[in-house]
Amino acid sequence: MTRYAISQPINAVEAPRLLKGRGRYTDDIQLPRMAHAVFLRSPHAHAVIRSIDTRAAQQMPGVLAVLTGEDWAADRLGNVPGNAPPKRKGGEPGFRPARPGLTRDKVRHVGQMVAMVVADSVYEAKDAMDRIEVDYEVLDPITDAVAANQEGAPLVWPDCALNESFYAQKGDAAAAEAALAKAPRVLHDHFVVTRVAASTMEPRSVVAEYDSGRDHFTVYACQQRPFVWRTMMTKGVFRIPETNMTVIAGDVGGSFGMKGGLYPEVPAVAWAAKRLGCPVKWTCERSEAYLADDQGRDVVIDAELGFDDTGRFHAARFKGVANIGAFLSMTGFGAPNGVPGTTCSTYAMPVAYGESHAVMTNTVPMANYRGPSGTPGTYVLERLIDMAARELGMDPTEIRRKNYVPASAMPYQSANGQKIDCGEFEVVMDKCLALADYAGGAKRKEEAKARGKLLGVGVSSSIDPSGSPSPETAELRFDPGGTVTVLTASTAGGQQHATIYTQIVSDVLGIDAEKIRVVEGDTSKLAWGSGTGAARTATLCGTVVFQAAEKTRERGRRIAAHLMETTPEDVTFDDGTYFAKGTNRSVTFDEVVKTAFSPNKLPKDMDFGMFETAAWTSTASNIPNTFHVCEVEVDPDTGVTQLTRYSVVYDVGVELNPMGVAGQMRGGVVQAAGQALVEQVVIDPETGQVLTGSFMDYAMPRARTVCNIALGSHPVPTRQNPLGVKGAGEGGTVGALAAVMNAVNDALAPVGVRNMMMPATPERVWRAIHDAKVAKAG
């Protein structure tokens, strides 16, 4: 039997089951009499629907139903809801357009759902879908968010002025203007943070069944927030009590934010199951996903940094425009909201101001994508700092050192309002410089030069506010045999939640890991919880599991005292055993659990059983931080860029499982390197067509894209939660995009390239080198 402890590095307890193919993902679910759904999606980015003819499709073999927006409206279903957006610039409420499951009058992006076919098999459904005839009046799309936000621009929605859904700002605009006017030096540049696709291993999938006898839906869907989805579907779409629906996430094969928001396909499949009286399944196909899945990033930022000849910062100002697509997804606020909040980061920036406009276009909607709030702005700030260092002839690490918020200043409030409770940024940097052999970078540059290559070194320093206030609950439910089920609202998307929960319970109660079972993301098992996202699970769900375990231990203390004929105050607990002070009497936790189910052996005022629930929310975000050092080698003849060395040192507070944290960091770095070097969703500006609609066109990072990633840690526990943990899921991505692009630009600087933009593909790098040589020649 095995016992685990908090902060013990262990292999994932989920790993054997998943690696042996014994996971249960949504598409694995097979129900009796189950039918299959496919969706007819718009081939146009902007068009009026003149008519839809489904007669031929309805006559195809195996077809059970062909449903359109007219059917949706006839059944009086509501629109797909989402969280309320922030206000617009003038103070008006933010704009969230109505989003029915199936449109019936107009399409506003390629891939919007027009009709749904349900058949005995997916192949019969596809054949029937091809027989649906839709008469479109094609309109000109607007795909450029900056152009869409100008006076006189065509409107995606007639009642959304300037196509602006909402507006965000932080800091003091007047003070930033004055400080930049007085600063001895001001850098100004324009940055494009490209659009990317999550491309999760498991595509989105939904299986729904309806029990007419109980008037109850059961919806299986790979996602992040089952309780929130249940609330939105029952209240917003079906207008039924929440007790009439169960939502189950099951195993989730990656999400990164993309599966966080409620999509139209989910209630549509549930609706079809009720109409047809049989279970219905829909699984997204890979090319379909590039039209149907919410995408990420797509922000342009005009940025300024004021500083003096010594390298001291005076002020920073960001002005961003975020393309959020044709609809506002449920949680698609991250990138627009985040830009104003990234003007300070780890630095004691005297004055800061940021603003961002969330603009609607005829493109696929946007969602949170790993590190949505921090990654774009951090990239911009860290690029500006490197450019300032180059202008001053100063080492990039020294200009950062001059401007760090010192540990002695904690807790600290930045000029943009960000509160930082703890952190030792300079120590984290120095540890990373040593790990990376930063001092040897100059020698490696000369060696590369001798081989005809360009070597660049890039660094970045970043924070990523995590674990923002939101309610969570957990329950520990024992059975008489001494085994326990841990129930939480989080969802299992590859972050090893079951592992950290097992460690917590095993540590607090001193029980064997083999006796602990974890159930996540099932609304029928628990009262409520916010779910998974924004690197919050260890902070919030971990805390409530810890608190429930502590309550269980204290309940057990009362039972142990009764058994040992003493008072609870005279009972101690260590490694799974209760001891009566001053005696040789003891009783194990297992014995206490068994006694808990024998009412005649309990104190008279105690209910039988061993079940404890905890509920908690944080009052403020915690602030993890990282420092990255990246080295790349560029072949000037081909433009090929290769990562050759990579190092990260991180502070995520108490690490519940250091091996899990390491995996999160490495995965985050690879995702950011993918965006920096190869990934980009390309949309034709004239037609709105997605040109990168498969892995033949959308370049995913591969093993050869990256190198070994060296890791180090410097935990500074936070006081924002009882465990002292900080979010670990996003810091790898937030810092790596900047570090990789700084390294690329450092490599290209000797040939005259000043600000190479992402993605640094071979063709783009080669062209930048060629253009710089032409400009230099004359």
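Here the structure is shown first, and the text comes after it.
Please read these numbers as outputs of a predicted model, since none were measured by experiment.

Student: Where do I start with the overall build of the chain in this structure?
Tutor: Counting its secondary structure elements, the chain contains 20 helices and 28 strands. At 28 Å, the chain has a C-alpha radius of gyration in line with the 28 Å of a compact globule built from 778 residues. Overall size of the chain, expressed as C-alpha extent along the three principal axes, is 95 × 75 × 50 Å. Counting every position in the chain, which comprises 778 residues, the buried fraction comes to 61%. For the chain, the share of sequence-separated contacts (at least 6 apart) that also reach a separation of at least 24 residues comes to 80%. With the model as given, the accessible surface of the chain reaches about 29600 Å², and the carbon-plus-sulfur share is 51%.

Student: Just checking my understanding: could you explain the packing of aromatic side chains for this structure?
Tutor: Centre-to-centre distance and the angle between the planes together describe a pair of aromatic rings. Evaluation of the coordinates by the stated rule reveals 17 aromatic pairs. When the ring of Phe-478 is compared with that of Phe-589, the centres are 5.5 Å apart and the planes differ by 65°; the resulting orientation is edge-to-face. A residue pair is termed long-range when its members are at least 10 positions apart, and Phe-478 in strand β19 (residues 472-478) and Phe-589 in helix α17 (residues 589-596) qualify at 111 residues. Like Phe-478, the residue Phe-589 is buried in the burial classification. Here a set of aromatic residues connected by ring pairs shows up, and it is made of Phe-313, Tyr-347, Tyr-404 and Phe-425. Across from the ring centre of Trp-157, 3.5 Å away, lies the NZ or CZ of Arg-108, which sits over that ring. Directly above the ring of Tyr-263 sits Arg-204, whose terminal nitrogen or CZ lies 3.6 Å from the centroid.

Student: Where do I start with the layout of surface pockets in this structure?
Tutor: In this model, the second largest pocket occupies a volume close to 460 Å³. Around the second largest pocket sit 24 residues that line it, and Asp-386, Arg-390, Pro-396, Lys-445 and Asp-746 are the ones nearest its centre. Those elements giving two or more residues to the lining of the second largest pocket turn out to be α11 (375-392), α14 (441-450), β18 (454-463) and α19 (731-748). Looking at the lining of the second largest pocket, its residues break down into 12 nonpolar, four polar and eight charged.

Student: Before we go on, may I ask you to explain the pattern of salt bridges in this structure?
Tutor: Should the charged atoms of two oppositely charged side chains come close, the side chains can pair. Considering all chains together, one arrives at 44 salt bridges under this definition. Of the charged contacts, one joins Arg-3 and Asp-512 as a salt bridge, the two residues approaching to 3.2 Å between their closest N and O atoms. Of this pair, Arg-3 sits in the segment before α1 (15-19) while Asp-512 sits in the loop between α15 (497-509) and β21 (516-520); the two residues are 509 residues apart in sequence, bridging distant segments of the chain. Relative accessible area serves as the criterion here: at 39%, Arg-3 is assigned to the partly exposed category. A salt bridge links Arg-185 to Asp-309; its shortest N-O distance comes to 2.6 Å.

Student: So what exactly am I meant to see when it comes to empty space enclosed by the protein here?
Tutor: This structure, assessed with the given rule, holds six cavities of 30 Å³ or more. Its volume calculated, the largest cavity comes out at about 150 Å³. Classifying every residue of the lining of the largest cavity by side-chain character gives 10 nonpolar, five polar and four charged.

Student: How should the sheet that holds strand β9 (residues 205-211) be read in this particular structure?
Tutor: Hydrogen bonding along the main chain pairs the strands of a sheet, whether they run parallel or antiparallel. Sheet architecture is open: seven strands sit in the order β3-β5-β1-β12-β9-β10-β11, paired in mixed fashion. Edge positions in the open sheet fall to β3 (63-68) and β11 (245-248), since each of these has one partner strand only. Across the sheet, the axes of successive neighbouring strands diverge by a mean angle of 20°, strand direction being ignored. Examined bridge by bridge, strand β1 (residues 35-41) and strand β5 (residues 113-119) share six bridges and lie antiparallel to one another. Looking across to β5, one finds that Val-38 is bridged to Val-117.

Student: How should I be thinking about the sheet that holds β19 in this particular structure?
Tutor: One open sheet accounts for four strands, arranged β21-β20-β19-β25; its pairing is mixed. Strand pairing shows two members of the sheet lacking a second neighbour, β21 and β25 (611-616), which therefore form its edges. Put simply, the sheet's adjacent strands are angled 15° from each other on average, direction ignored. Both strand β20 (residues 484-488) and β21 contribute to a ladder of five bridges, which runs parallel. Counted as the bridge partner of Leu-487 is Val-519 from β21. Set on the sheet, α15 makes contact with β19, β20 and β21; between it and β21 the angle comes to about 135°.

Student: Where do I start with the pairing of β1 in this structure?
Tutor: Each regular strand displays side chains that alternate between the two surfaces of the sheet. Of all seven residues making up β1, seven are buried, and the element is well covered by its neighbours. Of the two faces of β1, the one lined by Ala-35, Ala-37, Phe-39 and Arg-41 and the one lined by His-36, Val-38 and Leu-40 are each fully buried. In the sheet, β1 pairs with strand β12 (residues 280-283) via two bridges, with the strands oriented parallel. Bridge pairing in β12 links His-36 to Lys-281.

Student: What's the story with the nonpolar core in this structure? I'm lost.
Tutor: Core analysis: the biggest nonpolar cluster contains 90 residues, and Tyr-379, Leu-643, Tyr-646 and Leu-748 have the highest contact counts within it. Residue contributions to this core peak at 10 residues, all from α19. Residues in contact with Leu-748, not counting those within four places in the same chain, are Leu-454, Val-634, Val-753, Met-756, Val-765 and Ile-769.

Student: I would appreciate a short explanation of the environment of His-562 in the present structure.
Tutor: Here His-562 lies in helix α16 (residues 537-563). The contact partners of His-562, leaving out residues within four places of it in the chain, are Lys-601, Leu-602 and Pro-603. At 3.5 Å, the side chain of His-562 forms a polar contact with the backbone oxygen of Lys-601.

Student: I would appreciate a short explanation of the side chain of Thr-626 in the present structure.
Tutor: Inspection of the secondary structure assignment puts Thr-626 in strand β26 (residues 625-634). By relative accessible area, which is 3% here, Thr-626 ends up buried. A polar side-chain atom of Thr-626 sits 3.1 Å from a polar atom in the side chain of His-628. Leave out the neighbours within four places in its chain, and Thr-626 touches Val-428, Ser-460, Ser-461, Ser-462, Val-648, Val-649, Tyr-650, Met-665, Gly-731 and Gly-735.

Student: Just to check I follow, could you spell out the environment of Arg-76 for this structure?
Tutor: You can see Arg-76 is positioned in the loop between α3 (69-74) and β4 (106-107). Separated by 298 residues in the primary sequence, Arg-76 and Gly-374 place their C-alpha atoms 40 Å from one another.

Student: Please clarify how α19 should be interpreted in this entry.
Tutor: Since the α-helix advances by 3.6 residues per turn, residues separated by three or four positions end up pointing in the same direction. Over its 18 residues, α19 extends 26 Å from the first C-alpha to the last, a length consistent with the 26 Å expected when each residue adds 1.5 Å. With 18 of 18 residues buried, α19 lies mostly within the body of the structure.

Student: I keep staring at the pairing of β19 and nothing clicks. Help me out?
Tutor: Burial within β19 is extensive, with six of its seven residues counted as buried. Across six bridges, the pairing between β19 and β25 is antiparallel. Following the sheet pairing, Arg-477 is matched in β25 by Phe-611. The pairing of β19 with β20 spans five bridges and is antiparallel. Bridge pairing links Ala-474 to Thr-488 in β20. What sits between the antiparallel neighbours β19 and β20 is a turn of five residues, in which Gly-482 has the positive phi angle 100°.

Student: What am I meant to see in the packing of α11 against α19 here?
Tutor: The packing of two helices is summarised by the inter-axis angle and the distance between the axes. It is at 8 Å that the axes of α11 and α19 come closest, and there the two elements cross at 35°. For α11 against α19, the interelement crossing comes out right-handed. Here Thr-375, Thr-378, Tyr-379, Glu-382, Arg-383, Asp-386 and Arg-390 of α11 come into contact with α19, specifically with Thr-733, Val-734, Leu-737, Ala-738, Met-741, Asn-742, Asn-745 and Asp-746. Looking at the contact of α11 with α19, its residues break down into five nonpolar, five polar and five charged.

Student: So what exactly am I meant to see when it comes to the packing of helix α18 (residues 658-677) against α19 here?
Tutor: Contact pair α18 / α19: the axes reach a minimum separation of 7 Å and the direction vectors enclose 40°. With respect to α19, the axis of α18 lies oblique. For the element pair α18 and α19, the recorded crossing hand is right-handed. Residues Met-665, Gly-668, Val-669, Gln-671, Ala-672, Ala-673, Gln-675, Ala-676 and Leu-677 of α18 pack against Gly-731, Gly-732, Thr-733, Ala-736, Leu-737, Val-740, Met-741 and Val-744 of α19. A class-by-class count of the residues in the contact of α18 with α19 yields 11 nonpolar, six polar and no charged.

Rules used in this analysis
- Residues numbered from 1 in each chain as written.
- Predicted model: local features only at pLDDT ≥ 70, side-chain atom pairs only at ≥ 80, totals over all residues.
- Heavy atoms only, no water.
- Helix = DSSP H or I, 4+ residues; strand = E, 2+ residues; numbered from the N terminus.
- Rg over C-alpha atoms; globule rule 2.2 N^0.38 Å.
- Buried < 20%, exposed > 50% of the residue type's maximum accessible area, 1.4 Å probe, protein only.
- Contact = heavy atoms within 4.5 Å.
- Areas by Shrake-Rupley, 256 points an atom, 1.4 Å probe, with all protein chains shown as cover.
- Phe/Tyr/Trp six-rings, centres within 6.5 Å; stacked < 30°, edge-to-face > 60°.
- Lys NZ or Arg CZ within 6 Å of the ring centre and 35° of its normal.
- 1 Å grid on protein atoms, 1.4 Å probe; cavity = no way out; pocket = protein on both sides within 12 Å on 5 of 7 lines; lining within 4 Å.
- Points joined across faces, edges and corners; volume = space filled by probe spheres on them.
- Nonpolar A, V, L, I, M, F, W, Y, C, P; charged D, E, K, R; others polar.
- Salt bridge = Lys/Arg side-chain N within 4 Å of Asp/Glu carboxyl O.
- Pairing = 2+ DSSP bridges.
- Axes fitted to C-alpha atoms, helices over the stretch in contact; angles between N-to-C directions.
- Core = buried A, V, L, I, M, F, W, Y, C linked by side-chain atoms within 4.5 Å.
- Polar contact = N/O pair within 3.5 Å; in protein donor to acceptor, adjacent residues only side chain to side chain.
- Expected span 1.5 Å × (residues − 1).
- Left-handed = near helix turned anticlockwise from the far one by under 90°.
- Parallel < 35°, antiparallel > 145°, perpendicular 65-115°, else oblique.

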